[in-house]
Amino acid sequence: MEGATALPAALAELPVWRADRLLHGVVRGQRWVHNPAVDDGLVLLSAPAAAVLDCADGRTLGAIAADLAETDAGRARLVQSAPILLRNGLLRTPDPAPFRRPRPAARAERVFDLWLHVTNDCNLDCPYCYIDKGPQHLDDSTAERVLASIERAAAAGHADRIHVRYAGGEPMLRFSALRRFHEAAIERCGRHGVRYTAAILSNGTVVPREAAAWVKQAGLGVSISIDGKGALQDAMRPTRNGRGSAAHLERGFAAWREAGVRPYVLVTLGETNLGGLLPLVDWLLQERLGFRLSLVRDLEWGAGTLDDRHGASRRLEQAPRPGAEGILDGDALQRVRGPLLAAYDRIEAAVAADVDAGRAPEPSFRQTHRFCDLSPFRPIRKACGAGSSYAAVGPGGAVSPCQAALHHETDRAPIDGSRSIVEQGRAHRPFGPFERQVGNPVCNNCRHQQSCAAGCPLLLARRDGHIDGRSPYCEVFRAVIPRIVGIAALELWGEAKRHSEAVRA
């Protein structure tokens, strides 16, 4: 081949194919491409790299370069652009080993996540909540068994870090007990060289005196549930006496911010509040808050698609209706997809404004934004970590693989303080392993399969009696994933632009 001697020989003779299921787009005139099957597979392409990727059909790189360029120098530039495509899994080759990213020198931190429901009591009565409300709370005796089980895990080396989410009910109603537990857990894990970290999942309306300052000093994360502005918040998250919670939320939020705590916001979307999503997103962007958007899930029967009235008050009123709703489509799909895509338009505009001003978006969209359980930038290799990488403990000491199943007698077991919490979470698996096997042609052939894994397995198990199916929100996920990746590409483009300007300076 003419000019082949001027090309790197090993690369020039390498046959390459374009990887399957890639996502493509253009940001500010530059091509981006993303492989959801690899970690951090989002790449901005140079013109030579884009040309090689487009022509990768099994020919050698040298042959592709010969067709694209007339000079040896041009062909060399094309071939030399290939390693980044190979490292990021955008090109396939018979032997990818020489081009794989080097493994990190340090072993990845092993983290076990534990949901600890401090209480079942709550000052709100959100209709879609799956927790059986009541006065039960984590008493001293139960707390000691949980602490002993956590220390057993630390002593056995089952994790490098144990991360606990203090949940409820409303955990801040039991703040003193939460604080005592947290400080004791840090001390016990520290004896064995294991880190103990935690976050509080709160409705944001209860901030006891000195709590915000302690949380800031102790380094805990705080996630607050907010489902709308004003009247929509009142409708989605009413108080126990039927009044609105928006005014209480404003006071609580102010207390957190005054203490220097920037809460992460959890938004649950249902029929009631989807139409008011844009004002809430505008406020979140204005306040520079990281947030997660989630679609309400009927984890009791798995049948109430987008039904935000399916909580404990309805459990006695309805019988199981597996498969009754199916996949969200038609007009119902558009009622969900329309507001969501409009919200991502607003998010993209906010990121673009920061990029155009030469500053990094704060907070980083790629690092903080979430939609349901999707994982666009870290392929999901297992449908769910329930019972393996995380577990849940109720206020009475019941252990379950999933926090959403704590109120089911058959889905929980009493905690044993003489055994590691990690062992107990892995041993008690009433649902079976949430690992999807090959045999689901619809999902296995979808380009988003590794970003989605068909959604929540518990939802499917409740709905269909098995986990090998499509999420009811499948078509919503198909619409949202490309938008998330495209906005991430814009943020990445801004980073590259700022780096280039800094180098030139």
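Along each chain, residue indices are assigned from 1 in the same order as the chain's sequence is written. Per-residue local features of the predicted model are confined to residues with pLDDT of at least 70, and side-chain atom pairs are confined, for both listing and counting, to 80 or more; whole-chain, interface and lining totals are unaffected and use all residues. Water and hydrogen atoms were dropped before computing side-chain values, which therefore reflect all heavy atoms in the structure.

Strands here mean DSSP runs of E at least two residues long; helices mean DSSP runs of H or I at least four residues long; both are numbered from the N terminus. When you go through the protein residue by residue, the secondary structure sums to 18 helices and 16 strands. Taken against the 2.2 N^0.38 rule, which gives 23 Å for 505 residues, the C-alpha radius of gyration of the protein at 25 Å falls within 12% of a compact globule. Seen through its C-alpha atoms, the protein measures out along the principal axes to roughly 80 × 50 × 50 Å. Note on definitions: a residue-residue contact is assigned when non-hydrogen atoms from the two residues lie within 4.5 Å. For the protein, the proportion of contacts with a sequence separation of at least 24, taken over those separated by at least 6, is 73%. Reported accessibility uses the Shrake-Rupley method at a 1.4 Å probe radius. Residues are deemed covered only where the shown protein chains occlude them. Surface exposure of the protein reaches about 22400 Å², of which carbon and sulfur atoms provide 50%. Residues counted as positive are Lys and Arg, residues counted as negative are Asp and Glu, and His and the chain ends are not counted. By convention, the point assigned to a charge is CZ for Arg, NZ for Lys, CD for Glu and CG for Asp. Of the side-chain charges in the protein, 64 are positive and 57 negative, and the distance between the mean point of each set is 2 Å. Put simply, the radius of gyration uses C-alpha atoms, and a globule should come to 2.2 Å times the residue count raised to 0.38.

What follows is about the packing of helix H2 (residues 47-55) against helix H3 (residues 61-68). Across the interface, H2 lies against H3 with an axial gap of 10 Å and an inter-helix angle of 115 degrees. As summarised for this structure, H2 and H3 are arranged roughly perpendicular, according to the angle between their axes. In this structure, H2 crosses over H3, and the sense of that crossing is right-handed. Across the interface between the two elements, Ala51, Val52 and Cys55 of H2 pack against Leu61, Ile64 and Leu68 of H3. In this analysis an axis means a line fitted to C-alpha atoms, helices contributing only their contacting stretch, and an angle means the value between N-to-C directions, from 0 to 180 degrees. Roughly parallel covers angles under 35 degrees, roughly antiparallel covers those over 145, roughly perpendicular covers 65 to 115, and oblique covers all other angles. Definitions for this section: a left-handed crossing has its near helix turned counterclockwise from the far helix by less than a right angle. A right-handed crossing has that turn clockwise.

Take helix H4 (residues 72-80) next. When accessible area is computed with a 1.4 Å probe and restricted to protein chains, residues below 20% of their type maximum are described as buried, those above 50% as exposed, and intermediate ones as partly exposed. Looking at H4, one finds that the buried residues are Gly74, Arg75, Ala76, Leu78 and Val79. Contacts made by the buried residues of H4 are with helix H1 (9-12), H2, H3 and helix H5 (82-87).

A helix is expected to reach a length of 1.5 Å times the quantity of its residues less one. With 27 residues, helix H12 (residues 330-356) extends 38 Å from end C-alpha to end C-alpha; this agrees with the ideal 39 Å at 1.5 Å per step. If you check which residues of H12 are buried, you get Leu333, Val336, Leu340, Ala343, Tyr344, Ile347, Val351, Ala352, Asp354 and Val355. In this fold, the buried residues of H12 make contact with strand S11 (264-269), helix H11 (277-286), strand S12 (291-295), helix H13 (365-368), strand S13 (370-371) and helix H18 (474-504). Of the residues flanking the end of H12, it is Gly358, one or two places downstream, whose phi is positive at about 75 degrees.

Any Lys or Arg side-chain nitrogen located within 4 Å of an Asp or Glu carboxyl oxygen qualifies as a salt bridge. All chains considered together, the criterion is met by 32 salt bridges. For the salt bridge of Arg31 with Asp54, the shortest nitrogen-to-oxygen distance reads 3.2 Å. Of the two residues, Arg31 is situated in strand S3 (residues 30-34) and Asp54 in helix H2; the sequence distance between them amounts to 23 residues. Overall, Asp54 belongs to the partly exposed group, its relative accessible area being 42%. A single network of salt bridges, built from pairs that share partners, joins Glu144, Glu151, Glu187, Arg188 and Arg191.

When DSSP finds two or more bridges between two strands, those strands count as paired. Strands sit in the order S5-S1-S6 across an open sheet of three strands; the sheet is antiparallel. Sheet topology places strand S5 (57-60) and strand S6 (91-92) at the edges, where each strand pairs with a single neighbour. Note that strand S1 (residues 15-18) and S6 share two bridges and pair antiparallel. Across the sheet, Trp17 pairs through a bridge with Arg92, a residue of S6. Contacting S1, S5 and S6, H2 runs over the sheet at an angle of about 90 degrees to S1. This element, H3, spans S1 and S5 of the sheet and lies at about 90 degrees to S5.

This brings us to the sheet that holds S12. Here we have 10 strands laid out as an open sheet, ordered S13-S12-S11-S10-S9-S8-S7-S14-S15-S16, and mixed in their pairing. Looking along the sheet, the strands with just one partner apiece sit at the ends: S13 and strand S16 (413-414). When strand S10 (residues 221-225) meets S11, the two strands line up parallel, connected through three bridges. The residue bridging Ser223 from the neighbouring strand is Tyr264, located in S11.

Turning our eyes to something else, we now look at the packing of aromatic side chains. For Phe, Tyr and Trp, where Trp contributes only its six-membered ring, two rings pair if their centres lie within 6.5 Å, and the inter-plane angle classes them as stacked under 30 degrees, edge-to-face over 60, or tilted in between. All chains considered together, the criterion is met by four aromatic pairs. Measuring from centroid to centroid gives 5.6 Å for Phe175 and Trp214, while their planes differ by 75 degrees, and the two rings are edge-to-face. Pair noted here: Phe175 is in helix H7 (residues 175-190) and Trp214 is in helix H8 (residues 211-218), with a separation of 39 residues, a long-range link. Taking relative accessible area as the criterion, Trp214 reaches 6% and is therefore assigned buried. Above the face of the Trp283 ring, Lys229 is positioned so that its terminal group lies 4.3 Å from the ring centre. When the NZ atom of lysine or the CZ atom of arginine is within 6 Å of a ring's centre and also within 35 degrees of its normal, the charge is said to sit over that ring.

Attention now moves to the nonpolar core. Nonpolar core, defined: a set of buried Ala, Val, Leu, Ile, Met, Phe, Trp, Tyr and Cys residues in which side-chain atoms within 4.5 Å join the residues together. Tyr166, Phe181 and Phe371 are the most contacted members of the largest nonpolar core, which has 100 residues in total. With 12 residues, the top contributor of residues to this core is H18. Not counting chain neighbours up to four residues away, the residues in contact with Phe371 comprise Leu293, Leu295, Leu340, Tyr344, Val476, Phe477, Val480 and Ile484. Counting 25 residues, the second largest nonpolar core, distinct from the first, contains Leu22, Val33, Val43 and Val79.

Right, let's get into the state of the cysteines. The disulfide criterion is simple: two cysteine sulfur atoms within 2.5 Å. As enumerated under the stated definition, the model contains zero disulfides in all. No disulfide involves Cys456; its sulfur sits 6.4 Å from that of Cys402, the nearest cysteine. Residue class for Cys456 comes out buried when judged on its relative accessible area of 13%.

This paragraph deals with the side chain of Asp113. Within the secondary structure, Asp113 sits in strand S7 (residues 111-117). We call two N or O atoms a polar contact when they sit within 3.5 Å, provided that within protein one can donate a hydrogen and the other can accept it, with sequence-adjacent residues counted only if both atoms are side-chain atoms. A polar contact of 3.4 Å, which involves the side chain of Asp113, links it to the side chain of Arg165. Excluding anything up to four places from it in sequence, Asp113 contacts His163, Arg165, Ser389, Tyr390 and Ala391.

Once that is clear, we can look at the confidence of the model for the protein. One number per residue, pLDDT, summarises how confident the predictor is, and it ranges from 0 to 100. In this model, the protein carries an average pLDDT of 88, and 90% of its residues clear a pLDDT of 70 or more. Here residues 1-7 is a poorly scored stretch, pLDDT under 50, and it has 15 contacts once near neighbours within four places are set aside; other chains count. Every residue in residues 312-325 is under pLDDT 50, and counting partners more than four places away or in other chains gives 28 contacts.

Our next topic: unusual backbone geometry. The step from Gly168 to Gly169 runs through a cis peptide bond, and the omega angle for that step is 25 degrees. Looking at the secondary structure, you find Gly169 in the loop between strand S8 (161-167) and H7. Going from Glu362 to Pro363, the amide bond is cis rather than trans, its omega being -5 degrees. The phi dihedral of Arg21 falls on the positive side, at around 60 degrees, and the residue is not glycine. Note that Arg21 resides in the loop between S1 and strand S2 (23-27). Arg21 sits in the partly exposed class, given a relative accessible area of 34%. A positive phi angle, near 50 degrees, is found at Asp40, a position not held by glycine. Tracing the sequence through the fold places Asp40 in the loop between S3 and strand S4 (42-44). Under the relative-accessibility criterion, Asp40 is labelled partly exposed at 40%.

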